[in-house]
Amino acid sequence: RRVVVTGVGLATPLGVGRDLVWDGLVAGRSGVRALRREDIAEGERGWAQMTVRVGARVPRGTRPGEFDEKRWCDGELKGVAGSGSDESTTIRPAVGGGPRIAPFTGLALAAAAEALADAGWDASRVTDEQRNRAGVAIGAGMGHVADLVNAGALLERGKLRRVSPFFVPRILVNMAAGHVSMAHGLRGPNHAAATACATGAHAIGDAFRAVQRGDADVMVAGGTESCVDPVSYVGFARARALADPAAMTPRASKTKKKDKDIYNGSGEDVTEGCTDDVDPSTACRPFDATRAGFVMGEGAGVLVLESLESARRRGAIPYAEIRGYGQASDAHHITQPPSDGAGASRAMRAALEDGGVRPEDVGYVNAHATGTVVGDAAESRALATVFQERYLRGELSVSSTKGATGHLLGAAGAVEAAFAVLALSTKTLPPTLHLETPCPNAAPAGADLVPLIARVKPGLRAAMTNSFGFGGTNASLVFTS
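Reading guide: rules and limits
- Residues numbered from 1 in each chain as written.
- Predicted model: local features only at pLDDT ≥ 70, side-chain atom pairs only at ≥ 80, totals over all residues.
- Heavy atoms only, no water.
- Helix = DSSP H or I, 4+ residues; strand = E, 2+ residues; numbered from the N terminus.
- Expected span 1.5 Å × (residues − 1).
- Buried < 20%, exposed > 50% of the residue type's maximum accessible area, 1.4 Å probe, protein only.
- Contact = heavy atoms within 4.5 Å.
- Polar contact = N/O pair within 3.5 Å; in protein donor to acceptor, adjacent residues only side chain to side chain.
- Salt bridge = Lys/Arg side-chain N within 4 Å of Asp/Glu carboxyl O.
- Axes fitted to C-alpha atoms, helices over the stretch in contact; angles between N-to-C directions.
- Parallel < 35°, antiparallel > 145°, perpendicular 65-115°, else oblique.
- Nonpolar A, V, L, I, M, F, W, Y, C, P; charged D, E, K, R; others polar.
- Phe/Tyr/Trp six-rings, centres within 6.5 Å; stacked < 30°, edge-to-face > 60°.
- Core = buried A, V, L, I, M, F, W, Y, C linked by side-chain atoms within 4.5 Å.
- pLDDT = per-residue confidence, 0-100.

**Focus: helix α12 (residues 342–355)**
Here is step 1 of the chain: Relative to the 20 Å expected for 14 residues at 1.5 Å per residue, α12 spans 20 Å between its end C-alpha atoms, a close match to the ideal helical length.
Here is step 2 of the chain: Those residues of α12 that sit buried are Gly343, Ala344, Ser345, Ala347, Met348, Ala351, Leu352 and Gly355.
Here is step 3 of the chain: Where α12 is buried, its residues meet β11 (320–329), α13 (373–387), β16 (462–469) and β17 (473–480).
Here is step 4 of the chain: Backbone geometry just downstream of α12 places Gly356 in the positive-phi region, at approximately 65 degrees.

**Observations concerning unusual backbone geometry**
The phi angle of most residues is negative, glycine excepted, and most peptide bonds adopt the trans form.
Here is step 1 of the chain: In this model, Ala331 sits at a positive phi of 50 degrees, which is unusual for a non-glycine residue.
Here is step 2 of the chain: Within the element layout of this structure, Ala331 appears in the loop between β11 and α12.
Here is step 3 of the chain: On the basis of relative accessibility, which here comes to 73%, the residue Ala331 falls in the exposed class.
Here is step 4 of the chain: Phi is positive for Gln388, close to 50 degrees, though the residue is something other than glycine.
Here is step 5 of the chain: With a relative accessible area of 48%, Gln388 lands in the partly exposed category.

**Regarding the environment of His191**
Here is step 1 of the chain: Position of His191 among the secondary structure elements: in strand β8 (residues 190–191).
Here is step 2 of the chain: Between the C-alpha atom of His191 and that of Gly139, which follows or precedes it by 52 residues, the distance is 7.7 Å.
Here is step 3 of the chain: In this structure His191 touches Val136, Ala137, Ile138, Ala177 and Asp206, once residues within four positions along its chain are discounted.
Here is step 4 of the chain: Within polar-contact distance, the side chain of His191 engages the side chain of Asp206 at 3.0 Å.

**Observations regarding the pattern of salt bridges**
Here is step 1 of the chain: Enumeration according to the criterion identifies 24 salt bridges in this entry.
Here is step 2 of the chain: Linking Asp217 and Arg1 is a salt bridge whose minimum nitrogen-to-oxygen distance equals 3.1 Å. Residue Asp217 is found in the loop between α9 (199–212) and β9 (218–225), and its partner Arg1 is found in the segment before β1 (3–12); the two are separated by 216 residues along the sequence.
Here is step 3 of the chain: A relative accessible area of 13% means that Asp217 is categorised as buried.
Here is step 4 of the chain: Through salt bridges with shared partners, a single network forms among Arg33, Asp39, Arg57, Arg60, Glu69 and Glu298.

**Focus: the packing of helix α1 (residues 18–26) against helix α16 (residues 412–426)**
For any two helices packed against each other, the geometry comes down to the angle between their axes and how far apart the axes lie.
Here is step 1 of the chain: One way to put it is that α1 packs onto α16 with a least axis distance of 12 Å and a crossing angle of 80 degrees. Compared by their axis directions, α1 and α16 come out roughly perpendicular. On the side of α1, the interface is formed by Arg18, Val21, Trp22 and Leu25, while α16 contributes Phe419, Leu422, Ala423 and Thr426.
Here is step 2 of the chain: Class assignment for the residues of the contact of α1 with α16 results in six nonpolar, one polar and one charged.

**Brief notes about the packing of aromatic side chains**
Here is step 1 of the chain: The tally for this structure, following the rule as stated, stands at three aromatic pairs.
Here is step 2 of the chain: Each ring, one from Phe236 and one from Phe294, has its centre 5.4 Å from the other, and the planes form 75 degrees; the classification is edge-to-face. Remark: Phe294 occurs in the loop between α10 (230–238) and β10 (299–307) and Phe236 occurs in helix α10; sequence separation between them is 58 residues.
Here is step 3 of the chain: Residue Phe294 is classed as buried on the basis of its relative accessible area, which comes to 5%.
Here is step 4 of the chain: The class for Phe236 is buried, based on a relative accessible area of 9%.

**Here we look at the nonpolar core**
Here is step 1 of the chain: Core analysis: the largest hydrophobic core is formed by 47 residues, its most contacted members being Val5, Leu10, Ile204, Leu303, Leu305, Leu477 and Phe479.
Here is step 2 of the chain: Those elements giving two or more residues to this core turn out to be β1, α1, α9, β9, β10, β11, α16 and β17.
Here is step 3 of the chain: Considering every element that reaches this core, the biggest residue donor is α16, with eleven residues.
Here is step 4 of the chain: The residues contacting Leu477, other than those within four sequence positions of it, are Ala201, Ile204, Gly205, Ile322, Gly324, Tyr325, Ala417, Ala463, Met464 and Thr465.

**A word on the environment of His368**
Here is step 1 of the chain: Here His368 lies in the loop between β12 (364–366) and α13.
Here is step 2 of the chain: Once residues within four sequence positions are removed from consideration, His368 is found in contact with Cys197, Glu379, Lys402, His407, Asn466, Ser467 and Phe468.

**Observations regarding the confidence of the model for the protein chain**
Here is step 1 of the chain: Chain-level statistics for the protein chain give a pLDDT mean of 89 and a share of 88% at 70 or above.
Here is step 2 of the chain: Confidence drops under a pLDDT of 50 for residues 252–276, and excluding neighbours within four residues, the segment shows 54 contacts in the predicted structure.

And the structure:
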């Protein structure tokens, strides 16, 4: 069956809400910043041991565009499972609320609620049969590492009996999908992928297959992640994967400065813990000659996928059609891709073949490019293998949006799939931020990597998004207008 995207929900370091995030992305804003002590759950103990202190957190608060932790993690879900006509009058307690909900699950709940509302899914009007034919596929790459750290601390102190009875439900990566299904009464397939940084793309691809072959009519699909914590940071830093401003090349136009937080206008110093030379917001530099690793971020992206027949029956207006899904393994190394990007190119070709889409039909690729030296170059070579002269001459437009959001790990593939869908629906290409000095090994001289500034592409009719993860896993999705 043909499968279309009818809803989009986003919670990212650029804010919470599809329009806010997309507008910020197109405007060239960055959600990357220096971390503060209050960003770290372990407080001073964890902060003192962090070797890198730059990240991309979803803004917290109760104002529009902020992630309301009390609403999504502490037991009150307003306007989710009721009539939807007046959010203030519809309150349903979160299933297993309060201390049972970890931040990555709360972010998924927020994004899923927006996506379902955007798709016009009114819980008060759907039938039992529709609920039985609607499912969830939301994955996470890491779960909630901080809970594991806290349990380890209790073990070390001989206080293991004080571990919360909700410890296991909080850390399981399938709990985001479980809570979304319970909050919205979705009784179809319930699935969670966990494939590192390809998780979101795999979850969407698996949901696509479920609708395509008739296992469900509607699937709420995506990825989520929240592991801005010292142990996760130090682990990636030890693997030499993180961008460290202290080791990066300064830029005259991008130096440390006192700036205003775009969400609260406080004018506070947002560069605590960074060098005097490098503005932390520029630390993620995909395809650039000065790139030195990725920036850890958190967030969630959720799409509502449904059969074209279901969308027509409901009167839903699709953003795009999902046409192809491809997967491949590098079978090479636990963290690094092969230099020729062979696994990535196989995944891209598989997605194109799956959807019956020709390489020359694709006008935009949202690249996985995280800002690592090896990864960006390998993906560039894979793009050249699949798209050949169209990529090398700039006929195919490619951008990485991680300079704006950071690398959202398990959520990255879903958020970037949403960006590809929005690029198609608005005919607008989001920019590759901080691409000032293209690297010859990752940015061929004639390639169009949409540097610094967004651009309209009126004839855009097909887009691809790539996601690659540790363990050598690769996933590609193709969407068409």
